[in-house]
Number of protein chains: 2
Amino acid sequence: MNTLSYGLLALLTANPLTGYELTQGIKPLWRAGHSQIYPLLQGMESKGYITHERIEQSDKPDKKIYTITREGISVLQEWVKLPAEPAVLRDELHFKLYSLWLTEPEEAKTLLQQRAAFNRSELDRYNLLIKANEALRDERGETRELKATTFGRYLLLQKRVMAMKASIEFCEWAIGELERGSLPPEV
Amino acid sequence: MNTLSYGLLALLTANPLTGYELTQGIKPLWRAGHSQIYPLLQGMESKGYITHERIEQSDKPDKKIYTITREGISVLQEWVKLPAEPAVLRDELHFKLYSLWLTEPEEAKTLLQQRAAFNRSELDRYNLLIKANEALRDERGETRELKATTFGRYLLLQKRVMAMKASIEFCEWAIGELERGSLPPEV
DNA sequence: TTATATTATGTCTATATTTACATATGCAAC
DNA sequence: GTTGCATATGTAAATATAGACATAATATAA
């Protein structure tokens, strides 16, 4: 059971999902491709943490809907209590900023503008997800569980939004530093 | 040549360093252990991007000081121009927040407080690095290159500082949400 | 006096991640 | 009509990362 496995269990506590839906749904939380996810689902099923039901479809390929078991919930519950490991961030931009003096200031500006544009599109995506989450809560948020899951999602999405805003702010600030000529003009 | 290799080259453009110093110095930029770094240095030397000089020491183990070659600088220069791939963030806390409803609110609060404490210590470390960088610039910042490298470092460290501040802000906000009881009291 | 930390370089194994390969249906655009 | 996209599930191979094993000097703390 690696971190991603617990993450899949976490998604399945809200509602049963297919491997395909898990691959899509995990995107705001963790980076993982379907080739990682399908084998982990098989492994967790053999451990008894999840079960699946095969749904035959005529128009689209058949699918497997995975449901978390009581045992799966209990192992997740134990894991959630454990302190969270420090986040791992791997960003090429760190190295590119560090090597700034090797580039023309215009190139550096372009790098930062590209990153800012990407972050803005991510921010839009997260804002859409927050709206969808609110709609879900308002529509069928009668039960305590659903209120609680939409609250967890709300916290997580706000975390991503705040991180994206900070990253955009950094890009804009750094572009300003470059333009204001913190470096002597001949560089 | 993977991303980490280019990162090592980036560090070596500022001044020659040993594998050990690279292992320490890369920490604010990328997560990597020495077992990753030593083989990459050997590989880059065989490609002609770096060279080393062995320094014998009687009190401490001998060391190898690596210097970037003209060819190494030019491959790095080409790489820096390329657009930066999106950052990869892997944070267990995402899954733990998503699973919040499985935990007691007190446990959730503890998770967030632990993360905030860790981030504050990281913030302190970065502030020290910024001061050291400023001291370096003021002491022997006569050359254009040194000014430019300290500027690159300055941008990078500010990026980390802004990200840490945003993360601390999130933790404090989320703890507040938990305390303010956005969830019905019986949860 | 023994244990631990720092400096210093390396290998090996296990695990995690990425990318490509593989197959299949239906729908829309061109 | 065929190219590409969304749905859907899988495997295989290559690469990256983490953790353990290995050695060795000196200094410091318990």
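**A closer look at the sheet that holds strand E1 (residues 17-18) of chain B**
All names here are of chain B.
Phase 1: Sheet architecture is open: 3 strands sit in the order E1-E3-E2, paired in antiparallel fashion. Pairing within the sheet leaves two strands with one partner each, and these edge strands are E1 and strand E2 (50-55).
Phase 2: For E1 and strand E3 (residues 63-68), the ladder comprises 2 bridges, and the chain directions are antiparallel. Within E3, the position partnered with Thr18 by the bridge is Ile65.
Phase 3: Packing against the sheet, helix H1 (residues 3-14) makes contact with E1, E2 and E3, and its axis sits at approximately 90° to E3.
Phase 4: In the packing of helix H3 (residues 34-47) onto the sheet, the strands contacted are E2 and E3, and the crossing angle to E2 comes to about 115°.

**Digging into the protein's contact with DNA strand D**
Phase 1: In the region of DNA strand D, 21 residues are neighbours, and Tyr20, His34 and Lys64 of chain A together with Ser35 and Gln36 of chain B sit closest.
Phase 2: Atoms of DNA strand D within 4 Å of the protein: sugar and phosphate make up 67%, bases the balance.
Phase 3: Within the side chain of Gln36 of chain B, a nitrogen or oxygen atom sits 2.8 Å from a phosphate oxygen of DNA strand D.
Phase 4: At the level of secondary structure, the elements contributing two or more residues to the surface near DNA strand D comprise helix H2 (19-25), helix H3 (34-47) and strand E3 (63-68) of chain A together with H3 of chain B.
Phase 5: It is H3 of chain A that provides the largest number of residues to the surface near DNA strand D, a total of 4 residues.
Phase 6: In the surface near DNA strand D, the residues fall into 5 nonpolar, 9 polar and 7 charged.

**Side note on the protein's contact with DNA strand C**
Phase 1: Neighbouring DNA strand C are 21 residues; Ser35 and Asp59 of chain A together with Tyr20, His34 and Lys64 of chain B lie closest to it.
Phase 2: Counting only the atoms of DNA strand C within 4 Å of the protein, the fraction contributed by sugar and phosphate is 66%.
Phase 3: Here a base oxygen of DNA strand C and a side-chain polar atom of Ser35 of chain A are 2.5 Å apart.
Phase 4: One of the side-chain N or O atoms of Arg90 of chain B is found 3.2 Å from a phosphate oxygen in DNA strand C.
Phase 5: Among the secondary structure elements, those contributing two or more residues to the surface near DNA strand C are H3 of chain A together with helix H2 (19-25), H3 and E3 of chain B.
Phase 6: Broken down by class, the residue content of the surface near DNA strand C amounts to 4 nonpolar, 10 polar and 7 charged.

**Remarks on the relation of the copies chain B and chain A**
Phase 1: Of the two same-sequence chains, chain B is brought onto chain A (RMSD 0.0 Å, axial shift 0.0 Å) by a rotation of 180°. Viewed as a symmetry operation, the transformation between the two copies matches a two-fold axis. Across chain B, the rotation axis passes nearest the C-alpha of Leu89 of chain B, at a separation of 2.2 Å.
Phase 2: When you check the interface residues of chain B against chain A, 100% turn up at the interface there too, and the contact is symmetric in its surfaces.

**Observations regarding the domain arrangement of chain A**
Phase 1: When the domains of chain A are assigned, the result is domain 1 (3-81) and domain 2 (92-179).
Phase 2: Of note, the centres of domain 1 of chain A and domain 2 of chain A, computed from C-alpha atoms alone, are 26 Å apart.

**Examining the pairing of E3 of chain A**
Two faces belong to every sheet, and in a regular strand the side chains alternate between them.
Phase 1: The pairing of strand E2 (residues 50-55) of chain A with E3 of chain A spans 6 bridges and is antiparallel. Within E3 of chain A, the position partnered with Arg54 of chain A by the bridge is Lys64 of chain A.

Analysis parameters
Residues numbered from 1 in each chain as written. Chains lettered and ligands numbered in written order. Predicted model: local features only at pLDDT ≥ 70, side-chain atom pairs only at ≥ 80, totals over all residues. Heavy atoms only, no water. Pairing = 2+ DSSP bridges. Helix = DSSP H or I, 4+ residues; strand = E, 2+ residues; numbered from the N terminus. Contact = heavy atoms within 4.5 Å. Axes fitted to C-alpha atoms, helices over the stretch in contact; angles between N-to-C directions. Near = heavy atom within 4 Å. Polar contact = N/O pair within 3.5 Å; in protein donor to acceptor, adjacent residues only side chain to side chain. Nonpolar A, V, L, I, M, F, W, Y, C, P; charged D, E, K, R; others polar. Least-squares fit on C-alpha atoms with pLDDT ≥ 70 in both. Domains from an automatic or database assignment.

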